[in-house]
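# Inside the fold
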Amino acid sequence: MINLGEIIGTYLMLMIGLGMGMYLKSTRSVVIGLSWALAIFVASAVGTQFGTADMNPVFSIYAFMQGQHSVGFLAGQLISQVIGTLLAVLCLAVLFDRQRTLPLQNYAAVPNNSHVIVNTVLEMLATTSLLIVAGFLSVTIKNDPLRFMLLGLYIGVIITLLCKQTGASFNPTRDIFPRFFWYLTRKQPRAYQPAMRGLISSNLGPLLALILVQFILKR
């Protein structure tokens, strides 16, 4: 049931994607986008050697909706993605946040505004485009490293464009578990409101993309 590829892939994706942000301490959109592009490429290339490497429940659920996997296989993917996420967050906290002082932005997708509806729509549209592009690449490009590189670059571009506006999550597992880890481990008195910033748009938007992409592809 456990999918080793998802554990390894998700772990590497977050170690590189979040880790680069913690190490470089850069807020430049291009640096953030390139960090995640590299993370997707490396994690996909390594993870697929041990199983699937969706590293995102939206992609796994979409494959299930297309009839590619069974319910049991999907459950294994989702559980493994959570395991990979928790392992990565624990390692990153030990490496870069021993004093528990890093802001939420280092762990989760945090928008620079309070426009929940707009941000949710943008996350939905961006995730929909990722599903369509990933599907197109899987059909047209059979060279795995090239396909992973192109998908990583596309995700990097989208993150560069949206990271300030929405936080650029596109991935509920990548956002929700690091977010609550941050909330539960702060030394200072925990404020509920800051931890919730971006929670709805970063998680509801990608899930709504599953509905939108089905509507688009059926037309």
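Scroll up a little and you will see the structure.
Notes on the structure in this doc start here. Just so it is clear, the model here is predicted, and its values are computed rather than measured.

The rules we used
- Residues numbered from 1 in each chain as written.
- Predicted model: local features only at pLDDT ≥ 70, side-chain atom pairs only at ≥ 80, totals over all residues.
- Heavy atoms only, no water.
- Helix = DSSP H or I, 4+ residues; strand = E, 2+ residues; numbered from the N terminus.
- Buried < 20%, exposed > 50% of the residue type's maximum accessible area, 1.4 Å probe, protein only.
- Contact = heavy atoms within 4.5 Å.
- Areas by Shrake-Rupley, 256 points an atom, 1.4 Å probe, with all protein chains shown as cover.
- Lys, Arg positive; Asp, Glu negative; His and termini not counted.
- Charge placed at Lys NZ, Arg CZ, Asp CG, Glu CD.
- Axes fitted to C-alpha atoms, helices over the stretch in contact; angles between N-to-C directions.
- Parallel < 35°, antiparallel > 145°, perpendicular 65-115°, else oblique.
- Left-handed = near helix turned anticlockwise from the far one by under 90°.
- Nonpolar A, V, L, I, M, F, W, Y, C, P; charged D, E, K, R; others polar.
- 1 Å grid on protein atoms, 1.4 Å probe; cavity = no way out; pocket = protein on both sides within 12 Å on 5 of 7 lines; lining within 4 Å.
- Points joined across faces, edges and corners; volume = space filled by probe spheres on them.

### Remarks on the overall build of the protein
Per the secondary structure count, the protein includes nine helices and zero strands. Walking the protein from its N terminus toward its C terminus, one meets helices and strands in the order α-α-α-α-α-α-α-α-α. Taking the principal axes of the C-alpha coordinates as reference, the protein spans close to 50 × 35 × 30 Å. When each of the 219 residues of the protein is scored for burial, the buried share is 48%. Contacts spanning at least 24 positions in sequence make up 78% of the contacts within the protein whose residues lie at least 6 apart. Carbon and sulfur atoms form 70% of the exposed surface of the protein, whose accessible area is close to 10700 Å². If you average the places of the 15 positive and of the 6 negative side-chain charges in the protein, the two averages end up 8 Å apart.

### Things to note about the packing of helix 7 (residues 172–185) against helix 9 (residues 199–218)
Taken N-terminus to C-terminus, the directions of helix 7 and helix 9 make an angle of 155 degrees; their axes are 9 Å apart at the nearest point. On the basis of the axis angle, helix 7 is roughly antiparallel to helix 9. In this structure, helix 7 meets helix 9 at a crossing whose hand is left-handed. Contacts from Pro-172, Asp-175, Ile-176, Arg-179 and Phe-180 in helix 7 reach Leu-199, Ser-202, Asn-203, Pro-206 and Leu-207 in helix 9. The class makeup of the residues in the contact of helix 7 with helix 9 is six nonpolar, two polar and two charged.

### What about the layout of surface pockets?
Here the largest pocket is characterised by a volume of approximately 850 Å³. Taken together, 34 residues make up the lining of the largest pocket; nearest its centre are Ala-53, Asp-54, Phe-59, Ala-134 and Leu-151. Those elements that place two or more of their residues in the lining of the largest pocket are helix 2 (29–47), helix 3 (57–65), helix 5 (116–140) and helix 6 (144–162). Of the residues contributing to the lining of the largest pocket, the split by class is 18 nonpolar, 12 polar and four charged. Considered as a void within the structure, the second largest pocket measures approximately 580 Å³ in volume.

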